[in-house]
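The residues making up each chain are set out below.
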Amino acid sequence: MSAPTAVRPANAEQTGRRVEEVLERLTASSDPAAAAAAEELVRSLMDFYGAGLARILHLLSSAPGEATAVLLGDELVASLLVLHELHPEDRDTRIARALDAVPEHALDVVGFEEESGTLTLRAREAGGCGCGSGEGAREAAEAALACFAPEVRAVDVRTAPAGPTLLQISTAPTGAR
């Protein structure tokens, strides 16, 4: 009996891009029959894996608990479930789960624009100045959202002061009385 092999980490975004590249090359070839066969092969495999994932979810739902939570929290599993439209959590819950995965940035959801797929976030700045790591927060959010909420196609991060805005009060000019 051979020793179990280590599971190679997979990235859903990279894998999706790779599949699209290969299909593009096949459809650009001079043999339309080969391109059609390749697309049929991908579709058949997607259907097969989707059915297997649906079965796994069905079996887990009959005994909910820690195993289900662990699977839903795994980026690879979550991306497969989303890809096959099997993920049991709604979009907003998946977005919250993804943002929880970037604790170095305190991000609050402001809104989601369905048509464009743009998620607007507010980053709370520790210094209270409203300046800072908007770009880093955007990149971290995009990376986390790619697996958990691929319907988010763009992220807009707005920065906001951590505390209340200070209001300067001064005396009225002498001629204003």
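So, a few notes on the structure that sits alongside this text. (Residues numbered from 1 in each chain as written. Predicted model: local features only at pLDDT ≥ 70, side-chain atom pairs only at ≥ 80, totals over all residues. Heavy atoms only, no water.)

Take the environment of alanine 101 next. Examined against the element boundaries, alanine 101 turns out to sit in the loop between α5 (91–100) and β1 (107–113). Among the residues examined, alanine 101 registers a relative accessible area of 46% and is labelled partly exposed. (Helix = DSSP H or I, 4+ residues; strand = E, 2+ residues; numbered from the N terminus. Buried < 20%, exposed > 50% of the residue type's maximum accessible area, 1.4 Å probe, protein only.)

Our next topic: the nonpolar core. Counting 20 residues, the largest nonpolar core has Leu107, Leu121 and Leu145 as the members making the most contacts within it. Those elements giving two or more residues to this core turn out to be α5, β2 (118–125), α6 (134–148) and β3 (154–161). The element contributing the most residues to this core is α6, with 7 residues. (Core = buried A, V, L, I, M, F, W, Y, C linked by side-chain atoms within 4.5 Å.)

This paragraph deals with the packing of aromatic side chains. The relation between two aromatic rings is expressed through the spacing of the ring centres and the mutual angle of the planes. Going through the model one piece at a time under the given rule, you end up with 1 aromatic pair. Ring geometry for phenylalanine 48 against tyrosine 49: centres 5.6 Å apart, planes inclined by 65°, an arrangement best described as edge-to-face. The exposed category is assigned to phenylalanine 48, whose relative accessible area is 58%. According to the relative accessible area criterion, tyrosine 49 is exposed, its value standing at 51%. (Phe/Tyr/Trp six-rings, centres within 6.5 Å; stacked < 30°, edge-to-face > 60°.)

Moving on to helix α2 (residues 32–61). In a regular helix each residue adds 1.5 Å, so 30 residues correspond to 44 Å; α2 covers 43 Å between its end C-alpha atoms and thus fits that length. Of the surrounding elements, those touching the buried residues of α2 are α1 (12–28), α3 (66–73) and α4 (75–83). Two or three places before alanine 33, at the opening of α2, aspartate 31 has a side-chain oxygen 3.2 Å from that residue's backbone nitrogen. (Expected span 1.5 Å × (residues − 1). Contact = heavy atoms within 4.5 Å. Polar contact = N/O pair within 3.5 Å; in protein donor to acceptor, adjacent residues only side chain to side chain.)

Right, let's talk about a nonpolar patch on the surface for a bit. Among the surface-exposed residues, Leu41, Leu45, Phe48 and Tyr49 lie close enough to one another that they form a single nonpolar patch of about 460 Å² accessible area. Looking at the element boundaries, leucine 45 is found in helix α2. (Patch = residues over 30% accessible without salt bridge, like charges linked within 9 Å, V, L, I, M, F, W, Y side chains within 5 Å. Areas by Shrake-Rupley, 256 points an atom, 1.4 Å probe, with all protein chains shown as cover. Salt bridge = Lys/Arg side-chain N within 4 Å of Asp/Glu carboxyl O.)

Looking now at the side chain of histidine 87. Considering the arrangement of structural elements, one finds histidine 87 in the loop between α4 and α5. Looking at histidine 87, its side chain comes within polar contact range of the main-chain nitrogen of glutamate 89, at 3.1 Å. Dropping the residues within four chain positions of it, histidine 87 is found in contact with Leu72, Ala78, Leu81, Val82 and Arg94.

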